[in-house]
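# Coordinates in review
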Amino acid sequence: MTHIHRTTLRGALAATLAAAALGTASIVCAEPAAALGKDGHLEQGELGLYYAENRTNLMFDLFYPGNDFRPERYPANTSISPNDNTESYWNRDSQTWSVWTDPFRSGIHGWIPASTWSNASTNFRNRVSSANPG
Ligand SMILES: [Ca+2]
């Protein structure tokens, strides 16, 4: 690689970083962004369902209802589905969430109160297939 080519690349990188910095600044000045579901980050207003006990390992975060977990994947490992595959939860929403052992609000119905976390009870351990706020 020639010196000129490297300099050009560095210039492009600097421009990209400057743009990123501006983007960050504008986000800081704006209203708080809404939580983004299924991004692997459990934000205020979301329900997080964890692959393992005690809120560990992979996490599936929902902001909108999750009607059918079967085609879903954990954001941090897209080869693994959260369907029938969660052992703990954390409700970071200000309202109750419902969970169900079958897709589309079928099967056994459970409630997760606002701002609580726990390990799943026997009926729900590795059995949750849909969830919705309320
Ligand atoms: Ca999120």
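The present account deals with the structure reproduced in this document. (Residues numbered from 1 in each chain as written. Predicted model: local features only at pLDDT ≥ 70, side-chain atom pairs only at ≥ 80, totals over all residues.)

## So, the overall build of the protein chain
Of the regular secondary structure elements, the protein chain holds one helix and seven strands. For the protein chain, the α and β elements follow one another from N to C terminus as α-β-β-β-β-β-β-β. For the protein chain, the proportion of its 134 residues judged to be buried stands at 24%. Long-range pairs, those at least 24 residues apart, make up 60% of the contacts in the protein chain with a sequence separation of at least 6. (Helix = DSSP H or I, 4+ residues; strand = E, 2+ residues; numbered from the N terminus. Buried ≥ 20, exposed ≤ 12 C-beta atoms within 10 Å, placed from the backbone. Contact = placed C-beta atoms within 7 Å.)

## A word on the sheet that holds strand 3 (residues 88–91)
Pairing between the strands of a sheet comes from backbone hydrogen bonds, and it takes one of two forms, parallel or antiparallel. What the four strands build is an open sheet, ordered 2-1-3-6; its pairing is antiparallel. Where the open sheet ends on each side, the last strands, each with one partner, are strand 2 (56–62) and strand 6 (116–119). Pairwise comparison of adjacent strand axes, ignoring direction, gives a mean angle of 15° for this sheet. Pairing analysis gives four bridges linking strand 1 (residues 47–52) to strand 3, with the strands arranged antiparallel. For L47, the partnering residue across the bridge sits in strand 3 and is N91. (Pairing = 2+ DSSP bridges. Axes fitted to C-alpha atoms, helices over the stretch in contact; angles between N-to-C directions.)

## Side note on the sheet that holds strand 4 (residues 97–102)
Read from one edge to the other, the open sheet built from three strands follows the order 5-4-7, with strand pairing classed as antiparallel. Both edges of this open sheet fall to strand 5 (106–112) and strand 7 (130–133), since each of them pairs with a single strand only. Neighbour-to-neighbour, the strand axes of this sheet turn through a mean angle of 20°, independent of strand direction. Bridging between strand 4 and strand 7 involves four bridges; their strand directions are antiparallel. If you follow W97 over to strand 7, its bridge partner there is P133.

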